[in-house]
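A structural walkthrough
The chain contents come next:
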Amino acid sequence: MSENTKKNEKRDLKNSNKHFEKLLKICLIIGIIVVSGFIIYYILTPEPGYATFGILNENQEAGNYPTEASVNETISFYVTVENQLNREFSFRIEVLKGDNETVVTSSGSINATSYFNTTKTILLNKQFWMSEMLNISFSQPGANQTIIVELWEIKSEIEEFYFILYLWLNITN
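Residues numbered from 1 in each chain as written. Predicted model: local features only at pLDDT ≥ 70, side-chain atom pairs only at ≥ 80, totals over all residues. Heavy atoms only, no water.

Our next topic: the packing of aromatic side chains. Counted according to the given criterion, the structure contains 6 aromatic pairs. Look at Phe53 and Phe163: their rings are 6.3 Å apart centre to centre, the planes differ by 90 degrees, and that puts the pair in the edge-to-face class. Within this pair, whereas Phe53 is found in strand 1 (residues 50-56), its partner Phe163 is found in strand 12 (residues 158-172), the two being separated by 110 residues in sequence. You can call Phe53 buried: its relative accessible area is 14%. The exposure class of Phe163 is partly exposed, given its relative accessible area of 42%. When the centroid spacing of 5.4 Å and the interplanar angle of 85 degrees are considered together, the rings of Trp152 and Phe161 count as edge-to-face. Taking relative accessible area as the criterion, Phe161 reaches 22% and is therefore assigned partly exposed. (Phe/Tyr/Trp six-rings, centres within 6.5 Å; stacked < 30°, edge-to-face > 60°. Helix = DSSP H or I, 4+ residues; strand = E, 2+ residues; numbered from the N terminus. Buried < 20%, exposed > 50% of the residue type's maximum accessible area, 1.4 Å probe, protein only.)

Below, the discussion takes up unusual backbone geometry. Non-glycine residue Asn64 carries a positive phi angle of around 55 degrees. Position of Asn64 among the secondary structure elements: in the loop between strand 1 and strand 2 (68-70). Even without glycine at this site, Asn111 takes up a positive phi of about 65 degrees. The residue Asn111 is located in the loop between strand 6 (108-110) and strand 7 (113-117) in this model.

With that settled, consider the pattern of salt bridges. With the rule as written, the count across this model stands at 5 salt bridges. Two residues, Glu159 and Arg92, come together in a salt bridge whose shortest N-O distance is 2.8 Å. Placement of the pair is Glu159 in strand 12 and Arg92 in strand 4 (residues 89-98), with a sequence separation of 67 residues. Across the salt bridge formed by Glu160 and Lys155, the nearest N and O atoms sit 3.8 Å from each other. What emerges from the salt-bridge pattern is a single network uniting Arg92, Glu94 and Glu159. (Salt bridge = Lys/Arg side-chain N within 4 Å of Asp/Glu carboxyl O.)

What follows concerns the confidence of the model for the protein. In low-pLDDT segments, the atomic positions of the prediction should not be examined closely. For the protein, per-residue confidence averages 91 on the pLDDT scale, and 99% of positions sit at 70 or higher. No element of the protein has a lower mean pLDDT than helix 1 (residues 3-44), which averages 86, and none a higher one than strand 9 (residues 128-130), which averages 97. (pLDDT = per-residue confidence, 0-100.)

Turning next to the pairing of strand 1. Regular strands place their side chains on alternate faces of the sheet. Within strand 1, 5 of the 7 residues are buried, which leaves the element mostly enclosed by the surrounding structure. In this sheet, strand 3 (residues 75-84) lies alongside strand 1 in antiparallel orientation, the contact comprising 7 bridges. Of the residues in strand 3, the one forming a bridge with Phe53 is Val81. (Pairing = 2+ DSSP bridges.)

The residue Glu82 is located in strand 3 in this model. Sequence spacing of Glu82 and Gln140 is 58 residues, and the spatial spacing of their C-alpha atoms is 34 Å. There is a polar contact of 2.9 Å between the side chain of Glu82 and the side chain of Gln84. (Polar contact = N/O pair within 3.5 Å; in protein donor to acceptor, adjacent residues only side chain to side chain.)

Moving on: the environment of Ser137. As for its position among the elements, Ser137 is in the loop between strand 10 (134-136) and strand 11 (142-155). Judged by its relative accessible area of 23%, Ser137 is partly exposed. Separated by 40 residues in sequence, Ser137 and Lys97 have C-alpha atoms that sit 9.1 Å apart.

Encoded structure:
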């Protein structure tokens, strides 16, 4: 190989290294800008709010719910709602009883009998509400008897279904 060819190869290699270094710097700067943008977006965007909705047993605990009861035996429970929506939350609770004909879906229940309704309740952000002890009983035996609790949000006096909870029970004689 001639000396000119070697010099040309060295010069080309140096030029390639310079181009690579420029591209690497540009990619790093773009990467830093993109990551910084995500960090700023995360810091400035508030987390979405939520409302919690629950059923507590007669001891005000989440768990150990009854799964069996006798005809006309009283089943006691509480309902809770907590507002973490970063806004005012107006709602009402409806308690229903269901049987084998009842269908429970994520948008409400079908063929259930209304048992109890609360009046409109307003919770400010970070407030907690708990019902008084609710008592319900079933007059007919059967498997798959259901206690259904529906949460309805009230927006400008219009009620919108919000969430549903339910307990399945076997009722014996």
